[in-house]
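Architecture and fold: a report
Okay, here's what each chain looks like letter by letter:
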Amino acid sequence: MNVHLKSVAEACTKGSEDGSLTFPGVLGKLIEAGMEGYYADLRRATRVYYLPSGESIETGCESVDVPVAEIFEPAAVEAAVRQSQANAHTYKDFCKKVMAAGCAGYLVSLPGRRVVYFGRTAETHVEHFPA
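To start, this report covers the structure provided alongside it. The residue numbering used here restarts from 1 in each chain and proceeds along that chain's sequence as written. Confidence filtering applies because this is a predicted model: local features only for residues at pLDDT of at least 70, side-chain atom pairs given and counted only at 80 or more, and all residues used for totals across whole chains, interfaces and linings. Water and hydrogen atoms play no part in the side-chain values, which are based on all heavy atoms of the structure.

On to the nonpolar core. Definition of nonpolar core: a set of buried residues of the types Ala, Val, Leu, Ile, Met, Phe, Trp, Tyr and Cys, connected through side-chain atoms within 4.5 Å. Relative accessibility under 20% of the residue-type maximum defines a buried residue, over 50% an exposed one, and the middle range a partly exposed one, all with a 1.4 Å probe and only protein chains included. In terms of nonpolar packing, the biggest core is built from 37 residues, with Leu30, Met35, Phe94, Tyr106 and Tyr117 touching the most fellow members. In this text, helices come from DSSP runs of H or I with a minimum length of four residues, and strands from runs of E with a minimum of two, each type numbered from the N-terminal end. Elements that contribute at least two residues to this core include exactly helix H1 (3-18), helix H2 (23-33), strand S1 (37-41), helix H3 (74-85), helix H4 (91-100), strand S4 (103-109) and strand S5 (114-119). If one sorts the elements of this core by residue count, H4 sits on top with five residues. Sequence-distant contacts of Tyr106, defined by excluding residues within four places in its chain, comprise Tyr38, Tyr39, Ala40, Leu42, Arg47, Tyr91, Phe94, Val115, Val116, Tyr117 and Phe118. In this analysis, two residues are considered to be in contact whenever any of their non-hydrogen atoms come within 4.5 Å of each other.

This part is about H1. Helical periodicity: at 3.6 residues per turn, an α-helix aligns residues three or four positions apart in one direction. Expected span, for any helix, means 1.5 Å times one less than how many residues it has. Over its 16 residues, H1 runs 22 Å from end to end, which matches the ideal 22 Å to within 8%, given 1.5 Å per residue. All of the buried residues in H1 are Leu5, Val8, Ala9, Cys12, Thr13, Gly15 and Ser16. Here the buried residues of H1 occupy an arc of 165° about the axis, which is enough to place them on one side. Exposed and oriented more than 90 degrees from the buried face of H1 are Val3 and Lys14. Structurally, H1 contributes buried residues whose contacts are with H2, strand S2 (46-50), strand S3 (56-60) and H4. Pairs of N or O atoms within 3.5 Å make up the polar contacts considered here, provided that, within protein, one atom can donate a hydrogen while the other can accept it, and that residues adjacent in sequence are counted only when both atoms are side-chain atoms. The residue sitting at the N-terminus of H1 and contributing the capping side-chain oxygen is Asn2; that oxygen lies 2.7 Å from the backbone nitrogen of His4. Directly after H1, the chain includes Gly19, whose backbone phi takes a positive value near 85°. The arc in question is the one traced by the directions running from the helix axis out to the C-beta atoms.

Take the sheet that holds S1 next. At least two bridges found by DSSP between two strands are what make those strands a pair. Strand order in the open sheet formed by six strands is S3-S2-S1-S4-S5-S6, and the pairing between neighbours is antiparallel. The sheet is open, and its two borders are formed by S3 and strand S6 (124-128), each paired with just one other strand. Between one strand and the next, the sheet's axes are offset by a mean angle of 15°, whatever the strand orientation. Here S5 pairs with S6 via five bridges, running antiparallel. In the strand pairing of S6, Phe118 is matched with Thr124. Sheet contacts for H2: S1, S2, S4 and S5; angle to S1, the most-contacted strand, approximately 130°. Whenever a helix is involved, its axis is fitted only over the stretch in contact; in every case the axis is a line through C-alpha atoms, and angles between N-to-C directions fall within 0 to 180 degrees. Sitting on the sheet, H3 is in contact with S4, S5 and S6, with an inclination near 30° to S6.

Moving on, we get to the pairing of S4. The buried fraction of S4 amounts to five of the seven residues, a majority that puts the element mostly inside the structure. Judged from the five bridges that link them, S1 and S4 form a sheet pairing that is antiparallel. Counted as the bridge partner of Tyr39 is Leu107 from S4. Alignment of S4 against S5, held across six bridges, turns out to be antiparallel. Residue Val108 lies in a different strand from S5, and its bridge partner there is Val115. If you look at the hairpin formed by S4 and S5, you'll find four residues sitting between the two strands, and Arg113 has a positive phi there, around 50°.

Let's shift gears to the layout of surface pockets. Unfilled space is identified by rolling a water-sized probe across the atoms. Residues are said to line a cavity or pocket when one of their atoms sits within 4 Å of a point; the points come from a 1 Å grid over protein atoms alone, cavities being sets where a 1.4 Å probe fits but cannot get out and pockets being open sets with protein on both sides within 12 Å along at least five of seven lines. Grid points are joined across faces, edges and corners, and a volume is the space filled by probe spheres set on the points. Roughly 620 Å³ of internal volume is contained in the largest pocket. Forming the walls of the largest pocket are 27 residues, and the residues nearest its centre are Thr22, Phe23, Pro24, Ser84 and Gln85. Among the elements of the structure, H1, H2, H3, H4, S5 and S6 are those that each provide at least two residues to the lining of the largest pocket. Classifying every residue of the lining of the largest pocket by side-chain character gives 14 nonpolar, nine polar and four charged. Put simply, the second largest pocket is a space of about 170 Å³. Lining the second largest pocket are 15 residues, with Leu42, Cys61, Glu62, Val64 and Cys95 positioned closest to its centre. Elements that contribute at least two residues to the lining of the second largest pocket include exactly S1 and H4. With four residues, the top contributor of residues to the lining of the second largest pocket is H4. For this scheme, ten residues count as nonpolar: Ala, Val, Leu, Ile, Met, Phe, Trp, Tyr, Cys and Pro. Four count as charged, namely Asp, Glu, Lys and Arg, and the remainder, Gly too, count as polar. Along the lines of polarity and charge, the residues of the lining of the second largest pocket split into eight nonpolar, two polar and five charged.

Function-wise, these values are silent; they only describe arrangement.
In structure tokens:
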């Protein structure tokens, strides 16, 4: 695995967690590195970054002490996304809010310019982002 790409993935995870990178900042770094996106598994506290070649890079994340609620509440997930866009809370707070709203994870697609949030029963909420 390319050491540079691994360091980019680790920097994106760490930057999200410590607040030094916003979501658009993470996207910019991933695009610059040639990655296609990532999957955030909120239950396992991991991220998997994907390359066009089919390779992937997994990083650990800071664990959040909130169980994923059984019922997926798309409106609450959307509200947490809007608060995040307004820089109204930290990434950890964002994770706590979406997990309490039943979000088990999310998939970020750079080519698709969207994030798919999903619950334990595979219900989804999709957010689009600009190019």
